[in-house]
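Below are the chains, spelled out letter by letter.
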Amino acid sequence: MTLELILRDLPWEGDFDYEAECILRLFFPGEKIAILHQPQTPEGDWISVELTPQGEGIAICLAVQLDSSGSIQARDMVLSSEAAMGGMKWEAERRLCLLLFDALCQLTGTRPPWGILTGVRPVRLCRKLLGELGSVSAVREALIQQYQVLPQKADLALSTLQAQKEILAGNTRSSYSLYVGIPFCPTRCLYCSFVSHAIDKAGKLVPDYLELLCRELEEIAATASRLGLALRTVYIGGGTPTTLEPDQLTRLLRQIEKVFPLSGIAEYTVEAGRPDSISREKLKVLRDFGVSRISINPQALDDAVLRAIGRAHTAQETLEAVALAREMGFDNINMDLIAGLPEQTPRSFTRSLEQVMALNAENITIHTLTVKRSSDLRTSMGADAFDSGAYSLAELLAQSQEKLRGAGYLPYYLYRQQGTRQNQENTGFCRPGKEGLYNIYSMEDTHTILAAGAGAVTKLCAAPDKMRRVFNYKYPYEYISGFGEILKRKRQIIEFYKEETP
């Protein structure tokens, strides 16, 4: 279907388009939404919003017509005296979203668990509210009352906030982390939207890619040294970095060791994500160069599910890969699972979780399947890809989180994405003291991330709420052909820090 969103007479024209559309997508994932500012007479399913100055405030009038569910009208008034904390525009936007959210809850019979929060970083909002309201209890009340977040989700976000407090306190203006992207995988997963390429098709690009990546790393290291930045963590992700051959891994890690000061870093992570990409020789390379943390990400320990999502390995190969990593001395292993995968049942997901817990993984990250526009899942299934079957992911995640807490795991980072099935979240759990530092730094935008490789995004953070992003070309062939432009863009790092120097 096509849903018409009609926005009329807005005092801040265009500024509410994104927020209103995000609320609609909570209820109508995958459907086409047309935003109109000067509409003809609406037909079919439509939503009309009018904001009109009235006295010392703004009147918000909402009308919703859904052929399958009926119609509803609602009205609210935002007074200037109510807009002290975020300003009149911010308060009008929040109240508009609340009106729309409440009307669609009534008409559709569904109730998104995170309320009107549609952003990626709910914990970051909690941190902001804590600075304004002064207490965790006040933040919890605000999440529930002002944003319609369910109590259990508010508690999850606040538990995560508390787990990050001491870690983030150690940040300084000069702190930074290094991200290195390896956009190659053994196969492409059904749900994947990353820039990664299957190695059998893109393997010929690897030599040139590595050559330029090493040059980019040298440039980044020189810039960081010139600015007096202090390296905190290194994260090599992708893709699947262990798709590289041992000699290629050696070349990359040797270059990082050569140009960056690694002696004082707190964490060195490599995603060895696919069990079928792991070998004793590759793990030895990682150990020899001081890698302290790896990810082995099965996503499921169910062979039928693995076949359905395009994985070439078995559940048994995951168990063998973890055993080999333990034998090689790795004592900080992250493992990812995804809830809501094709062919998956609540029982099969629970079995996978129990097996991962039995492996004593130090980090366990529970993702909810997100249907991305560029994924094979979305292109093959269309809007049906958002259907997760008859079971409740909310109940499954709640039970899983209870199991993890009961086994001594605590939530330490949390994020959300548009298009996630049943509007759930992704949460990283860990044994105390085994928090994935890079995950926290990156997700909470608390210090600079200098990034190298195809699809890498440098995030410059020199002060609270001041950030600039510098983008590399997305695909490996673009990275290779446009490498000169990438180096030019990196000059923005120096410019940013010059601008932010007191």
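Just above sits the structure.
Reference entry: report on the structure contained in this document.

What counts as what
- Residues numbered from 1 in each chain as written.
- Predicted model: local features only at pLDDT ≥ 70, side-chain atom pairs only at ≥ 80, totals over all residues.
- Heavy atoms only, no water.
- Helix = DSSP H or I, 4+ residues; strand = E, 2+ residues; numbered from the N terminus.
- Rg over C-alpha atoms; globule rule 2.2 N^0.38 Å.
- Buried < 20%, exposed > 50% of the residue type's maximum accessible area, 1.4 Å probe, protein only.
- Areas by Shrake-Rupley, 256 points an atom, 1.4 Å probe, with all protein chains shown as cover.
- Core = buried A, V, L, I, M, F, W, Y, C linked by side-chain atoms within 4.5 Å.
- Contact = heavy atoms within 4.5 Å.
- Expected span 1.5 Å × (residues − 1).
- Pairing = 2+ DSSP bridges.
- Axes fitted to C-alpha atoms, helices over the stretch in contact; angles between N-to-C directions.
- Salt bridge = Lys/Arg side-chain N within 4 Å of Asp/Glu carboxyl O.
- Parallel < 35°, antiparallel > 145°, perpendicular 65-115°, else oblique.
- Nonpolar A, V, L, I, M, F, W, Y, C, P; charged D, E, K, R; others polar.
- Polar contact = N/O pair within 3.5 Å; in protein donor to acceptor, adjacent residues only side chain to side chain.
- Phe/Tyr/Trp six-rings, centres within 6.5 Å; stacked < 30°, edge-to-face > 60°.
- Lys NZ or Arg CZ within 6 Å of the ring centre and 35° of its normal.

### Overview of the overall build of the chain
In terms of helices and strands, the chain carries 18 helices and 18 strands. A compact globule built from 502 residues should have a C-alpha radius of gyration of about 23 Å, and the chain, at 24 Å, falls within 12% of that. Based on the C-alpha atoms only, the size of the chain along its principal axes is roughly 70 × 55 × 45 Å. Classification of the 502 residues of the chain by burial places 54% in the buried group. Surface accessibility of the chain: about 21300 Å² in total, with carbon and sulfur atoms responsible for 48%.

### Some details on the nonpolar core
Residues L213, I236, L252, I256, F260 and Y268 are the most contacted members of the largest nonpolar core, which totals 76 residues. Among the elements that line this core, the one with the most residues is helix α7 (residues 206-227), at nine residues. With near-sequence residues (within four places) excluded, I256 lies in contact with L178, V180, L217, I236, L262 and Y268. Core analysis: the second largest hydrophobic core is formed by 51 residues, L5, I60, L62 and L414 among them.

### What about helix α8 (residues 246-259)?
When the terminal C-alpha atoms of α8 are compared, their 20 Å separation across 14 residues agrees well with the 20 Å that a helix rising 1.5 Å per residue should span. Buried residues in α8 make contact with β6 (175-182), α7, β9 (230-238), β10 (267-271) and α9 (280-288).

### Observations concerning helix α3 (residues 122-133)
In this model α3 runs 16 Å from its N-terminal to its C-terminal C-alpha over twelve residues, within 8% of the 16 Å that 1.5 Å per residue would give. The secondary structure elements touched by the buried residues of α3 are α4 (136-146), α5 (151-169), β14 (410-415) and α15 (437-444).

### Regarding the sheet that holds strand β1 (residues 2-8)
Spatial ordering of the open sheet is given by β2-β1-β3-β4-β5, a layout of five strands whose pairing is mixed. At either end of the open sheet lies a strand with only one pairing partner, and these are β2 (32-36) and β5 (70-79). Each strand axis lies, on average, 15° off the axis of its neighbour in the sheet, ignoring direction.

### Digging into the pattern of salt bridges
Counted by the stated rule, this structure contains 22 salt bridges. With its nearest N and O atoms 3.9 Å apart, the salt bridge here joins R347 to E354. The exposure class assigned to E354 is partly exposed, which follows from its relative accessible area of 31%. Each member of the salt-bridge network shares a partner with another, and the members are D76, E91, R94 and R95.

### Regarding the pairing of strand β16 (residues 448-452)
The buried fraction of β16 amounts to five of the five residues, a majority that puts the element mostly inside the structure. Of the two faces of β16, the one carrying T448, L450 and A452 and the one carrying I449 and A451 are both buried. Sheet topology places β6 next to β16; five bridges connect them, and they run parallel. Of the residues in β16, the one forming a bridge with L178 is L450.

### Observations regarding the packing of α3 against α5
For the pair α3 and α5, the least separation of the axes is 9 Å and the interaxial angle reads 75°. Regarding the angle of α3 to α5, the classification is roughly perpendicular. Every residue of α5 that contacts α3 at V123, C126, R127 and L130 is listed here: A157, L158, T160, L161, Q164 and L168. Split by residue class, the contact of α3 with α5 holds seven nonpolar, two polar and one charged.

### Focus: the side chain of T160
Locating T160 in the fold gives a position in helix α5. A distance of 2.8 Å separates a polar side-chain atom of T160 from the backbone oxygen of L156.

### Some points on unusual backbone geometry
The omega angle of the peptide bond from G238 to G239 is 15°, so this bond is cis rather than trans. Position of G239 relative to the elements: it lies in the loop between β9 and α8. Backbone geometry at E343 places phi at a positive 70°, although glycine is not the residue there. On the secondary structure map, E343 appears in the loop between β12 (333-339) and α12 (346-358). The backbone of N360 sits at a positive phi, close to 60°, despite the residue not being glycine.

### So, the pairing of strand β3 (residues 46-54)
Strand direction decides the pairing type here: β1 and β3, joined by five bridges, are parallel. Paired with L7 across the two strands is V49, which belongs to β3. Relative to strand β4 (residues 57-66), β3 runs antiparallel, the two being bridged by nine bridges. When the sheet's bridge partners are listed, V49 is paired in β4 with L62. If you look at the hairpin formed by β3 and β4, you'll find two residues sitting between the two strands, and G55 has a positive phi there, around 60°.

### A word on the packing of aromatic side chains
In this structure the tally under the stated criterion is eleven aromatic pairs. Between Y475 and Y477, the ring centres sit 5.9 Å apart and the planes meet at 5°, which makes this aromatic pair stacked. Ring geometry for F496 against Y497: centres 5.5 Å apart, planes inclined by 85°, an arrangement best described as edge-to-face. F496 gets classed as buried once you look at its relative accessible area, which sits at 2%. Put simply, the rings of F184, Y209, Y479 and F483 touch in pairs and so form one group of aromatic residues. One Lys or Arg, K89, reaches over the ring of F16 and ends 5.7 Å from the middle of that ring. Positioned above the aromatic ring of Y473 is the side chain of R489, whose terminal nitrogen or guanidinium carbon lies 4.5 Å from the ring centre.

### Comments concerning the side chain of Q424
Here Q424 lies in the loop between β14 and β15 (426-430). For Q424, a relative accessible area of 2% translates into the label buried. A polar contact of 2.8 Å, which involves the side chain of Q424, links it to the side chain of K153. In terms of polar contacts, Q424 uses its side chain to reach the backbone carbonyl oxygen of Q422, at 3.1 Å. Those residues in contact with Q424, other than ones at most four positions away along the chain, are P113, W114, K153, T368, L393, A394, L397 and R416.

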